[in-house]
Amino acid sequence: MPFSEAVDSRVLLTRLRATLAEQGGGQERLDRIVRLVSEGLVADVCSVYLRRDENFLELCAAEGLKPESVHRSRLRVGQGLVGQIAESAEPISTRDAFHTRGFRYLPETGEEGLLSFLGVPVQRLGEVMGVLVVQNREQR
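Residues numbered from 1 in each chain as written. Predicted model: local features only at pLDDT ≥ 70, side-chain atom pairs only at ≥ 80, totals over all residues. Heavy atoms only, no water.

**Q** Could you give an account of the overall build of the chain, with specific residues and numbers?
**A** The secondary structure content of the chain amounts to 3 helices and 6 strands. Written out in order from the N terminus, the α and β elements of the chain read α-α-β-β-β-α-β-β-β. Viewed in the frame of its principal axes, the chain has a C-alpha envelope of about 35 × 35 × 30 Å. Relative to its 140 residues, the chain shows a buried fraction of 39%. Contacts in the chain between residues far apart in sequence, at least 24 positions, make up 44% of those at least 6 positions apart. Summed over all atoms, the accessible surface of the chain reaches about 8,000 Å², with 50% contributed by carbon and sulfur. Distance from the positive charge centre (18 side chains) to the negative charge centre (20 side chains) of the chain: 2 Å. (Helix = DSSP H or I, 4+ residues; strand = E, 2+ residues; numbered from the N terminus. Buried < 20%, exposed > 50% of the residue type's maximum accessible area, 1.4 Å probe, protein only. Contact = heavy atoms within 4.5 Å. Areas by Shrake-Rupley, 256 points an atom, 1.4 Å probe, with all protein chains shown as cover. Lys, Arg positive; Asp, Glu negative; His and termini not counted. Charge placed at Lys NZ, Arg CZ, Asp CG, Glu CD.)

**Q** How would you sum up the pattern of salt bridges? Please name residues and give values.
**A** Under the counting rule described, the total for this entry stands at 3 salt bridges. With a shortest N-O distance of 3.4 Å, Glu58 and Arg52 are connected by a salt bridge. (Salt bridge = Lys/Arg side-chain N within 4 Å of Asp/Glu carboxyl O.)

**Q** Requested: an account of the packing of helix H1 (residues 9–21) against helix H2 (residues 26–40), with residues and values cited.
**A** Direction vectors running N to C along H1 and H2 enclose 170 degrees, while the axes themselves pass 10 Å from each other. Considered as vectors, H1 and H2 are oriented roughly antiparallel to each other. In this structure, H1 uses Leu12, Arg15, Leu16, Thr19 and Leu20 to contact H2, whose residues at the interface are Arg29, Arg32, Ile33, Leu36, Val37 and Gly40. Of the residues in the contact of H1 with H2, the class split is 6 nonpolar, 2 polar and 3 charged. (Axes fitted to C-alpha atoms, helices over the stretch in contact; angles between N-to-C directions. Parallel < 35°, antiparallel > 145°, perpendicular 65-115°, else oblique. Nonpolar A, V, L, I, M, F, W, Y, C, P; charged D, E, K, R; others polar.)

Next comes the structure, spelled out in structure tokens:
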């Protein structure tokens, strides 16, 4: 589906709110969230890294990455673009992730060929709980 068919942001937010209100465990909700965001933004990949302790982020849900990498891929806070976002609480957007300073390649995820990267901190009461990432094969 081309980017021009992306879901209106209000529709996406309504769907996300409904998903968060549904019954189910945390993993089920995360899986639904990455699927909704991926479809709504017409992204090749959507992933969520959650902070497991002061120093580490773990890939906890992914749409478009290798399923076996979920709960196995980890980054230190400050490591890679995801870790930089967790450390600074600031989003990062780039059309060419592989050539962006600080990029960290995780071969187990199958992210080769993904160019564009948008990562935003997931916060609660000002504390970074994790990072939501959207990636695409084409530069956007």
